[in-house]
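Structural overview for review
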Amino acid sequence: MPGYNVLITYNENTNTLNKYNFEIGNSTPLSNDDVQVMFKDSRDTIWIGTANGLNKVYNDNGRVYFERITKKNGLPNNAIYSIQEDVAGQIWLSTNFGLAQYSDEINSMMSFHRSDGITSDEFNLGESFRDENGIIYFPSIEGITVIDSSAEKNNSVKRNLVFTQIKEGNTEHSLFDFNNRVVEQLNTVNDSTIQVSVSDMY
């Protein structure tokens, strides 16, 4: 059960309560005592959102510990207000600075802000909701952001990549030849380090 400045679990077999707190200098306890939301996903993983980051709960034969996920891992903000799961099993989080989509399987994080089309960068502690069609609703201070997580996404977009630097050791090669397909292959004759940089011109 979440509660202000405390996280308590109840063991019905032993009729006991266990309290979990933040500990300075220890990386496995809860990231913050201010627990704001708890969520259990389709894989039975428990997630705990606090005022200072997301926590993934592990239970190793009765020993409970937490994996912390914070701004260092790509969160836009450490204040977690609500948690939902989309139809692909990815975790969505509302924060004090936008939304985040977290894929636990590949450990990737994407952030969304007002410039991306959501209603506000600041969300509320109010309940989020996912309906039977996979549509997720996040309340913010300026309305509700609606995410259709069931929508089929087409990621096969043709990109216009151009070379901005091709360097072999200390020697820079002509960008014109490669960008205009005059040369399509770089032939090296030694073990020099090759550095290639490109830009997406969209």
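Structure: above.
These numbers were taken from a predicted model, which means no experiment stands behind them.

Moving on, we come to the pattern of salt bridges. Under the defined criterion, the tally for this structure stands at five salt bridges. Residues Glu85 and Arg43 are paired through a salt bridge, measuring 3.7 Å at the closest nitrogen-oxygen approach. Of the two residues, Glu85 is situated in strand β8 (residues 80-85) and Arg43 in the loop between β4 (35-40) and β5 (46-50); the sequence distance between them amounts to 42 residues. Arg43 gets classed as partly exposed once you look at its relative accessible area, which sits at 36%. Among the charged side chains, a network of salt bridges with common partners joins Asp41, Arg43 and Glu85.

A few words now on the nonpolar core. Trp47, Leu54, Leu75, Ile83 and Leu93 are the most contacted members of the largest nonpolar core, which has 13 residues in total. Among the secondary structure elements, those contributing two or more residues to this core are β4, β8, β9 (91-95) and β10 (98-103). Dropping the residues within four chain positions of it, Trp47 is found in contact with Val37, Met38, Phe39, Asp41, Leu54, Asn55, Lys56, Ile69, Ile83, Ile91, Tyr102 and Asp104. By size, the runner-up hydrophobic cluster in this structure holds nine residues, among which are Tyr81, Trp92, Ile118 and Ile147.

There is a patch of nonpolar side chains on the surface, built from Leu161, Ile194, Val196 and Val198 and spanning about 350 Å² of accessible area. Broken down by element, the residue count for the nonpolar patch peaks at three residues, all from strand β17 (residues 194-200). As for its position among the elements, Ile194 is in strand β17.

Now for the sheet that holds strand β14 (residues 143-148). The three strands are arranged β12-β13-β14 in an open sheet whose pairing can be described as antiparallel. Looking at which strands have only one partner, the edges of the open sheet turn out to be β12 (129-130) and β14. With two bridges joining them, β12 and strand β13 (residues 135-140) adopt antiparallel strand pairing. Residue pairing for β13: Phe129 is matched across the bridge by Tyr137.

Calculation notes
Residues numbered from 1 in each chain as written. Predicted model: local features only at pLDDT ≥ 70, side-chain atom pairs only at ≥ 80, totals over all residues. Heavy atoms only, no water. Salt bridge = Lys/Arg side-chain N within 4 Å of Asp/Glu carboxyl O. Helix = DSSP H or I, 4+ residues; strand = E, 2+ residues; numbered from the N terminus. Buried < 20%, exposed > 50% of the residue type's maximum accessible area, 1.4 Å probe, protein only. Core = buried A, V, L, I, M, F, W, Y, C linked by side-chain atoms within 4.5 Å. Contact = heavy atoms within 4.5 Å. Patch = residues over 30% accessible without salt bridge, like charges linked within 9 Å, V, L, I, M, F, W, Y side chains within 5 Å. Areas by Shrake-Rupley, 256 points an atom, 1.4 Å probe, with all protein chains shown as cover. Pairing = 2+ DSSP bridges.

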